[in-house]
Amino acid sequence: MQQVFELDTLKSRPRDTLPSLRKSRAWDHLKEADRTILEMVEKGLSHRLIGQAIGLNAGTVSRRISLIKARLQSPLARCALDPLTPLSADIRQSAVLHAVTGMSLREVARHRRLSIIAVTDHVRFAQGVARATMTRRGALV
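Residues numbered from 1 in each chain as written. Predicted model: local features only at pLDDT ≥ 70, side-chain atom pairs only at ≥ 80, totals over all residues. Heavy atoms only, no water.

A. Main features of the overall build of the protein chain. Each helix and strand counted, the protein chain has 7 helices and 0 strands in total. Mapped in sequence order, the helices and strands of the protein chain form the string α-α-α-α-α-α-α. When each of the 141 residues of the protein chain is scored for burial, the buried share is 35%. A separation of at least 24 residues holds for 51% of the contacts in the protein chain among residues at least 6 apart in sequence. For the protein chain, the computed accessible surface area is about 9100 Å², with 54% contributed by carbon and sulfur atoms. (Helix = DSSP H or I, 4+ residues; strand = E, 2+ residues; numbered from the N terminus. Buried < 20%, exposed > 50% of the residue type's maximum accessible area, 1.4 Å probe, protein only. Contact = heavy atoms within 4.5 Å. Areas by Shrake-Rupley, 256 points an atom, 1.4 Å probe, with all protein chains shown as cover.)

B. Up close: helix α1 (residues 32-42). Inspection of α1 places D34, I37, L38, M40 and V41 among the buried residues, and these make up the whole buried set. Looking straight down α1, one finds its buried side chains confined to an arc of 160°; they lie on one side. Structurally, α1 contributes buried residues whose contacts are with α2 (47-54) and α3 (58-73). Of the residues trailing α1, G44 is marked for its positive phi of about 95°. (Arc of directions from axis to C-beta.)

C. Quick peek at the nonpolar core. If you look at the biggest cluster of nonpolar residues, it comprises 26 residues, and the most contacted ones within it are L30, L72, L76, L87, V100 and A126. For this core, the elements supplying multiple residues, two or more each, are α3, α4 (75-81), α5 (89-99), α6 (105-112) and α7 (116-140). If near-sequence neighbours (up to four positions away) are discounted, L76 is found in contact with A95, H98, A99, V123, A126, Q127 and A130. By size, the runner-up hydrophobic cluster in this structure holds 7 residues, among which are M40, L45, I50 and I65. (Core = buried A, V, L, I, M, F, W, Y, C linked by side-chain atoms within 4.5 Å.)

D. Here's a closer look at the side chain of R112. Among the structural elements, R112 can be located in helix α6. For R112, the contacting residues outside a window of four places in its chain are D90, Q93, S94, L97 and H122.

E. Focus on α6. Along α6, the residues that are buried comprise V108, A109 and R112. Seen from one end, α6 has its buried residues packed into an arc of 100°, which puts them on one side. Looking at α6, the residues exposed on the side facing more than 90 degrees away from the buried face are R106 and R110.

F. Highlighting the environment of H47. Inspection of the secondary structure puts H47 in helix α2. For H47, a relative accessible area of 22% translates into the label partly exposed. Remark: the alpha-carbon pair of H47 and T60, spanning 13 residues in sequence, is separated by 8.8 Å.

See below:
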């Protein structure tokens with residue numbers, strides 16, 4: 001097994017591709033593995049070095065970063081994390097777990113101890129609200 005290296009001592013420039021997520025609402029909802037990858041990307045490490053550190057190849061790291069970015073930029077995630085969105089706390093929690101963490105509907109139902117039908121209804125309702133707010137914002141801009 002490779003020795004774990006100190007990430008703070010590596011001399012590399014931070015990447016400008018991902019904005020810092022640590023202060024965002026999404027950071028607390030991300031899985032630990034996703035946070036680790038994003039922290040390494042912020043430090044400017046290459047996908048190859050990140051892969052060596054966590055035991056993945058560079059292509060897998062690149063795909064994981066793309067999936068994380070896509071999840072966080074989805075209309076459902078933006079809607080669920082927006083404090084001004086008119087979603088109840090129950091619906092918002094189901095939507096955040098599904099959209100931000102990437103849990104399947106079945107995993108969300110198990111985690112929240114709800115029926116899969118209830119979770120599906122929550123997420124579909126939140127998706128409708130997200131579509132409506134995105135359309136409204138698009139019309140106003």
